[in-house]
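Residue-level structural notes
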Amino acid sequence: MRILIILGHPDHETFCGALEDAYAQGAGMAGAEVRRLNLGELAFDPLLHQGYKVIQELEPDLRHAQEAIRWAEHIVIVYPTWWGDMPAVMKGFFDRILLPGFGYKVLSQWRWKKLLKGRSARLIVTMDTPPLLHWLLYGAPGVKLVKNVILGFCGIAPVRVSAFGSIRYATDVQRARWIAKVEALGKSMT
């Protein structure tokens, strides 16, 4: 299987980075071909300066990212929840690469073609709030946005979610369990 792992945290030296490494290790042990994109290391402007009125030319790193997404059969996105949502660099990344003609094609006001069908995804999300409490209190807006509005709109399905928290108050033993769980997900390539 061809797996693309996207680290949505701008800094690899974090617990999200450790989860990314664990998934990659597990998938590699299972025989998957793995590629990685660490958004904090990519050179691109995350702003749509004129919205979608004028499509900005893609920087080389974003063209490479589109090629990696086309190549992938399964996409794993590892990111923290900040203020109930994904980090700004991740939102900017999606804004810039999931363009008409790449992620989707508008057919009419109510119809569009999903151009990234045939791929599945796994979201690995960290948060300071315990995940169940986050779902109950807030409805997990950042997870729903990525799963349904962004990936689902482009045809990526199924999208499975693994949420971990409270990161801030987790013990070393708990973090080790979460890392082992993510490595097992990598081995199962789900």
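Rules of the game
Residues numbered from 1 in each chain as written. Predicted model: local features only at pLDDT ≥ 70, side-chain atom pairs only at ≥ 80, totals over all residues. Heavy atoms only, no water. Helix = DSSP H or I, 4+ residues; strand = E, 2+ residues; numbered from the N terminus. Pairing = 2+ DSSP bridges. Axes fitted to C-alpha atoms, helices over the stretch in contact; angles between N-to-C directions. Parallel < 35°, antiparallel > 145°, perpendicular 65-115°, else oblique. Contact = heavy atoms within 4.5 Å. Nonpolar A, V, L, I, M, F, W, Y, C, P; charged D, E, K, R; others polar. Buried < 20%, exposed > 50% of the residue type's maximum accessible area, 1.4 Å probe, protein only. Right-handed = clockwise from strand over helix to strand, strands pointing away. Polar contact = N/O pair within 3.5 Å; in protein donor to acceptor, adjacent residues only side chain to side chain. 1 Å grid on protein atoms, 1.4 Å probe; cavity = no way out; pocket = protein on both sides within 12 Å on 5 of 7 lines; lining within 4 Å. Points joined across faces, edges and corners; volume = space filled by probe spheres on them.

Concerning unusual backbone geometry
- A cis geometry characterises the amide bond from Ala 157 onward to Pro 158, with omega recorded as -5°.
- By the secondary structure assignment, Pro 158 is in the loop between α5 (141–154) and β8 (159–164).
- The peptide bond linking Gly 165 to Ser 166 adopts the cis configuration, its omega dihedral lying at 5°.
- Assignment of secondary structure puts Ser 166 in the loop between β8 and α6 (172–188).

Focus on the pairing of strand β6 (residues 111–114)
- Of the pairings in the sheet, the one linking strand β5 (residues 104–108) to β6 comprises four bridges and is antiparallel in character. Across the sheet, Tyr 104 pairs through a bridge with Lys 114, a residue of β6.

Side note on the packing of helix α2 (residues 60–71) against helix α3 (residues 88–97)
- Packing of α2 against α3 brings their axes to within 10 Å, and their N-to-C directions diverge by 80°. Taken together, the axes of α2 and α3 lie roughly perpendicular to each other. From α2, Leu 62, Ala 65, Gln 66 and Ile 69 reach across to α3, where they touch Phe 93, Arg 96 and Ile 97.
- Looking at side-chain class alone, the contact of α2 with α3 contains five nonpolar, one polar and one charged residues.

Observations regarding the pairing of strand β1 (residues 2–7)
- Taken across its six residues, β1 has five buried, putting it largely inside the fold.
- With helix α1 (residues 15–29) bridging β1 and the parallel strand β2 (residues 33–38), this β-α-β connection has right-handed handedness.
- Both β1 and strand β4 (residues 74–80) contribute to a ladder of five bridges, which runs parallel. Of the residues in β4, the one forming a bridge with Ile 5 is Val 76.

Digging into the side chain of Gln 56
- Tracing the backbone through its elements, the reader meets Gln 56 in the loop between β3 (49–52) and α2.
- Classification of Gln 56 as buried rests on a relative accessible area of 19%.
- Within the structure, the side chain of Gln 56 is placed 3.2 Å from the backbone oxygen of Leu 47, a separation counted as a polar contact.
- Those residues in contact with Gln 56 that sit more than four places away from it in its chain are Asp 45, Leu 47, Leu 48, His 49, Gln 50 and Arg 96.

Details of empty space enclosed by the protein
- Tallying each qualifying case throughout the model produces one cavity of 30 Å³ or more.
- Of the volumes computed, that of the largest cavity is approximately 60 Å³.
- Among the elements of the structure, β4 and α3 are those that each provide at least two residues to the lining of the largest cavity.
- Residues that form the lining of the largest cavity fall into these classes: ten nonpolar, no polar and no charged.

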